[in-house]
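Tertiary structure, described
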Amino acid sequence: MQLVSASGVPDFAATPLFTASLTQSLAELEDLANLNEDPGIGWDPQHVGYYNSWIDEGKVPHIDMMGLVSAQRVLTRAVLRGIINTVRNTALDFALELQTTDPKAGTQNGPTIAEPSIASTVFNITNNIYGDGTTIAHGDGTSVAVTVQKNDVESLIAAARGLGLSEEGIVELRQAAEAPEADRPNRFKALLTRVGAGALSLTSNISAEVAASQVDQLIQQFLGQA
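Report on the accompanying structure. All of these numbers come straight from a predicted model, not from anything done at the bench.

Let us look at the side chain of Thr90. Along the chain, Thr90 falls in helix α4 (residues 77–101). Residue class for Thr90 comes out buried when judged on its relative accessible area of 14%. Engagement of the side chain of Thr90 in a polar contact is seen with the backbone oxygen of Thr86, the distance being 2.7 Å.

This is the structure we're talking about:
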């Protein structure tokens, strides 16, 4: 067994090959965490072919006269257990917050989300689960709570700074946004790869994965594709 490095891998491929998104239910994650060894997500055979082509081109580290047969992204059981605990703790916090807001919350004929206090609590908890202040997930149906005008660099920068992107990241984002139109896609992809990999520090309590997802939404708005 040999570790495969992301060194030399083109920017567009680094994220899909070396990161993993967990969309399974909590029950499935518990099953994975209880295995006798750390589970892994295998590479698509096409991705293995890509990596071997980069070996032939001398772009990636490799052992002479050898190629890649298969590869997988390993998910440690400790990480899985941490995710499970975080989800459970968040759900418990949600329930306690609702009870503190109104002891009748969750009971028959109790208050609903139409009540301002309940609505505020539900919004805040949802933001903690899916938004930019946590490391849990960024799910479908979630959107950035800001609007970026198409081709408006300053609104893009302001929104990204509001998400907590560091000044180093802001500089790269501005350079990508102000680049010639034909060069923008590749520069944006390179930026998102660095953000998702945690290469760019963040100035607020936000995970690298969520940051990349949020910044990508801002970029799509800037490009007029959202």
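Among all positions in helix α1 (residues 11–18), only Ala13, Ala14 and Leu17 are buried. Looking down the long axis of α1, one finds its buried residues gathered within 115° of arc, a one-sided arrangement.

This part is about the side chain of Thr193. Mapped onto the elements of the fold, Thr193 is located in helix α8 (residues 184–196). By relative accessible area, Thr193 is classed as buried at 12%. Within the structure, the side chain of Thr193 is placed 3.1 Å from the backbone oxygen of Asp11, a separation counted as a polar contact. Not counting residues up to four positions away in its chain, the partners in contact with Thr193 are Asp11, Ala14 and Thr15.

Attention shifts here to the pattern of salt bridges. Tallied over the entire structure, the rule returns eight salt bridges. One salt bridge connects Asp38 with Arg77, and the closest N-O pair in it is separated by 2.8 Å. You can see Asp38 sitting in the loop between α2 (26–33) and β1 (40–42) and its partner Arg77 sitting in helix α4, a full 39 residues away along the chain. Since its relative accessible area comes to 24%, Arg77 is described here as partly exposed. With a closest N to O distance of 2.8 Å, Arg174 and Glu154 form a salt bridge. One end of the pair, Arg174, is in helix α7 (residues 167–177); the other, Glu154, is in helix α6 (residues 153–163), and 20 residues separate them in sequence.

This part covers the environment of Ile41. Relative to the helices and strands, Ile41 is located in strand β1. For Ile41 and Arg73, which are 32 residues apart along the polypeptide, the C-alpha to C-alpha distance reads 5.1 Å. Ile41 has contacts with Ala20, Ala71, Gln72, Arg73 and Leu75, leaving out every residue within four places of it along the chain.

Bringing the packing of α6 against α7 into the picture now. Describing two packed helices takes the angle between their axes plus the distance from one axis to the other. Between α6 and α7, the least distance of the axes is 10 Å, while the angle of their chain directions is 155°. Here α6 is positioned roughly antiparallel relative to α7, judged by the angle of their axes. Considering how the two elements wind past one another, α6 and α7 form a crossing that is right-handed. Contacts from Val153, Glu154, Leu156, Ile157, Ala160 and Arg161 of α6 reach α7 at Glu167, Ile170, Leu173, Arg174 and Ala177. Here the residues of the contact of α6 with α7 are counted per class, giving seven nonpolar, no polar and four charged.

Reading guide: rules and limits
Numbering of residues starts from 1 in each chain and follows the order in which that chain's sequence is written. Predicted model: local features are reported for residues with pLDDT of at least 70 only, side-chain atom pairs are reported and counted for 80 or more only, and whole-chain, interface and lining totals are derived from all residues. For the side-chain quantities, the full set of heavy atoms in the structure was used; hydrogens and water were omitted. Only runs of H or I of at least four residues qualify as helices and only runs of E of at least two qualify as strands under DSSP, and these elements are numbered from the N terminus. In this scheme, a residue with accessible area under 20% of its type's maximum is buried, one over 50% is exposed, and one in between is partly exposed, where area comes from a 1.4 Å probe on protein chains only. Identification of polar contacts relies on pairs of N or O atoms within 3.5 Å, with a donor-acceptor requirement for protein atoms, meaning one able to donate a hydrogen and the other able to accept it, and with residues adjacent in sequence counted only if both atoms are side-chain atoms. In this description, the arc belongs to the directions extending from the helix axis to the C-beta atoms. Contacts: residue pairs with any heavy atoms within 4.5 Å of one another. Salt bridge, as used here, is a side-chain nitrogen of Lys or Arg placed within 4 Å of a carboxyl oxygen of Asp or Glu. Every axis corresponds to a line fitted to the C-alpha atoms, with the helix fit spanning only the stretch in contact, and the corresponding angles, defined between N-to-C directions, vary from 0 to 180 degrees. Roughly parallel covers angles under 35 degrees, roughly antiparallel covers those over 145, roughly perpendicular covers 65 to 115, and oblique covers all other angles. Crossings are classed by handedness, with left-handed meaning an anticlockwise turn of the near helix from the far one by less than a right angle and right-handed meaning a clockwise turn. In this classification, the charged set is Asp, Glu, Lys and Arg, the nonpolar set is Ala, Val, Leu, Ile, Met, Phe, Trp, Tyr, Cys and Pro, and all remaining amino acids, among them Gly, are polar.

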